[in-house]
There are 2 protein chains.
Amino acid sequence: MAQSDTVDRILDAAELLFAEKGFSETSLRQITSKAGVNLAAVNYHFGSKNALIQAVFARFINPFTRLLRDKLEAAAADKNDISLEALLSIITSSILEVPGRNHRGLSIFMRLLGLAYTQSQGHLRKYLEQQYSEEFRLFMRLLKEATPQLTPVERFWRIQFMLGATAFTMSSTEALSDILEKEMGVRQPIDEIVKQLVPFLASGIQADHLNASPALRKVDGGKVQ
Amino acid sequence: MAQSDTVDRILDAAELLFAEKGFSETSLRQITSKAGVNLAAVNYHFGSKNALIQAVFARFINPFTRLLRDKLEAAAADKNDISLEALLSIITSSILEVPGRNHRGLSIFMRLLGLAYTQSQGHLRKYLEQQYSEEFRLFMRLLKEATPQLTPVERFWRIQFMLGATAFTMSSTEALSDILEKEMGVRQPIDEIVKQLVPFLASGIQADHLNASPALRKVDGGKVQ
DNA sequence: GTCTGTTTGAAACATACGTTTGATGGCGGG
DNA sequence: CCCGCCATCAAACGTATGTTTCAAACAGAC
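Just so it is clear, the structure is predicted and the values come from calculations on it, not from any experiment.

Peer 1: Any chance you could explain the packing of helix α8 (residues 152-170) of chain A against helix α10 (residues 173-184) of chain B here in plain terms?
Peer 2: Packed helices, taken two at a time, are described by the angle their axes make and the gap between the axes. Two elements in contact, α8 of chain A and α10 of chain B, have axes whose closest approach is 11 Å; the angle formed by their N-to-C orientations is 150°. Regarding the angle of α8 of chain A to α10 of chain B, the classification is roughly antiparallel. The two elements α8 of chain A and α10 of chain B cross, and the hand of that crossing is right-handed. Mapping the contact onto sequence places Pro152, Val153, Phe156, Trp157 and Gln160 of chain A in α8 of chain A and Leu176, Ser177, Ile179, Leu180 and Met184 of chain B in α10 of chain B. The residue inventory of the contact of α8 of chain A with α10 of chain B, partitioned by class, reads 8 nonpolar, 2 polar and no charged.

Peer 1: I would appreciate a short explanation of the nonpolar core in the present structure.
Peer 2: The nonpolar side chains of a soluble globular protein tend to be buried, and buried together. Phe18, Ile31 and Leu52 of chain A together with Phe18, Ile31 and Leu52 of chain B are the most contacted members of the largest nonpolar core, which totals 138 residues. Look past the residues within four positions of Leu52 of chain B in its chain and what remains in contact with it is Ile10, Leu11, Ala14, Phe18, Leu28, Ile31, Val42 and Phe46 of chain B.

Peer 1: What is the right way to read the protein's contact with DNA strand C from this model?
Peer 2: As a structural note, the neighbourhood of DNA strand C is formed by 16 residues, with Thr6 and His45 of chain A together with Leu28, Arg29 and Lys49 of chain B the closest of them. The protein-proximal atoms of DNA strand C, defined as those within 4 Å of the protein, are 48% sugar or phosphate. Note that a base oxygen of DNA strand C is positioned 2.8 Å from one of the side-chain N or O atoms of Arg29 of chain B. The separation between a phosphate oxygen of DNA strand C and a polar side-chain atom of Asn43 of chain B is 3.2 Å. The set of elements that each furnish at least two residues to the surface near DNA strand C consists of α1 (3-21) and α3 (40-45) of chain A together with α2 (28-35) and α3 (40-45) of chain B. Per-element accounting of the surface near DNA strand C gives the leading share, 3 residues, to α3 of chain A.

Cut-off values and rules
Residue positions are given per chain, counting from 1 as you read along its sequence in written order. For this description, chains carry letters from A and ligands carry numbers from 1, given in the order in which they are written. A pLDDT threshold of at least 70 governs which residues receive local features in this predicted model, and a stricter bar of 80 or more applies before side-chain atom pairs are shown or counted, although totals over entire chains, interfaces and linings include all residues. Where side-chain values are given, they derive from all heavy atoms of the structure, hydrogens and water being excluded. Between the N-to-C directions of two axes lies an angle of 0 to 180 degrees, each axis being a line fitted to C-alpha atoms and, for a helix, fitted only over the stretch in contact. By the criteria applied, helices consist of DSSP H or I runs no shorter than four residues and strands consist of E runs no shorter than two, each listed in order from the N terminus. For classification purposes, an angle smaller than 35 degrees is called roughly parallel, one larger than 145 roughly antiparallel, one from 65 to 115 roughly perpendicular, and anything else oblique. For any pair of crossing helices, the crossing counts as left-handed if the nearer helix is rotated counterclockwise from the farther one by less than a right angle, and right-handed if it is rotated clockwise. Here, residues are in contact when the closest pair of their heavy atoms is within 4.5 Å. Note that Gly is not counted as nonpolar here; it falls among the polar residues with everything else outside the nonpolar set of Ala, Val, Leu, Ile, Met, Phe, Trp, Tyr, Cys and Pro and the charged set of Asp, Glu, Lys and Arg. To form a nonpolar core, buried Ala, Val, Leu, Ile, Met, Phe, Trp, Tyr and Cys residues must be joined to one another through side-chain atoms within 4.5 Å. Buried residues are those whose accessible area, probed at 1.4 Å on protein chains only, stays under 20% of the maximum for their type, while exposed residues exceed 50% and partly exposed ones sit between those limits. Being near a molecule or strand, for a residue, comes down to having at least one heavy atom within 4 Å of it. The definition of a polar contact used here is a pair of N or O atoms within 3.5 Å, where within protein one atom must be able to donate a hydrogen and the other to accept one, and adjacent residues in sequence count solely through side-chain atom pairs.

Dropping the structure here:
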């Protein structure tokens, strides 16, 4: 049994269980027993549980960011400004094209991303920002060029809205797909979900904030607040 | 010291800690020591940790749903179909009007809601769905009437997107406000953030999936895709 | 074949958790 | 006054966790 076999089996099992139940809720004993390896193997090969989490994460995000950076740089090199939907599609297609990974890696990544952002004292956020600040800044620049009509403050918040919609949905695609199938008898692969996401985000980020008020007044009659 | 004092102090401490670190990551010992009460008090007053989690929820969500139901029923009684933005505003204004809760309470609640969906806190989801299925269904009906052009599957996913954008943003308004202030020197109260959210959601849920929206083409000059 | 460094194995470790127990204190009604 | 009830407390319970230990098994090099 090659050395990498144990490592990969641990990563596979951990990926499954993390996506299914979360990080704190998954024990090393569950992981190692599902992987069919000894309990001590995790600490031997990875050092700690936190390091295992980061390794599971890295296995997905490294190929992903490689794809993403190539596409972003190609887009940046274009003489014309990139369109908003094209920019968002770059991200989603990069996610879907990560080689060798099924959609579970995506769930893991999004879950971690959400945790890193919302958890105030997480060890993950620093890891993320230091590791991928370059791609992050490039994406921000292109997004700014694609939405010149927005004020910086508007853009700031709408980026958060987009990130929230994406992270929240993608981190629980399995559970949501199950609900959808049970209620409507339709089973959708993750590609379809992601494709639904792009127009929602593109339309949301470009919303005109001025036209909200009149429609609002019609029903609430100004008794809001 | 009144008998309810211990209960409230536990609820206050648990609310803060749950929002800060998550459910599994927060121990009863941390809660009781922050609250300045005995460890056994939680099991004495609430029965179990899960019951405490539900109690923390109930303290916010009960007044909220009371407000929400009243407004939704008033809207449903109207002879005209309610507009989408008005419908979304009903939710946001109900959230902001919950009595006795400051904005921090809102952040905490949203974070808890996100965690309930994201972390596999199965007992929480069932609790929420069973407890508030009536308001949920009423909202769904009104939303369906306000978005007749959507297929059920489209509507299902876009509701998830909306929930994600809302929960994610609202759960970390403090941290995000700090970032915004540091980077742009602007401080926004939570009401302003919520007001920014409504047009984003309304525009997103109505996005045309076949093509880029007209507003989008206006900017991109039709070179989408 | 023997040696050497690496990987696995079963078991134990220390710690933290949620929960339960039984004693103690205080308060109001009889 | 004392009884019964309720809330609090320190302590312990049983269990589960991440991690460490150390011997055994293995692989490849010479």
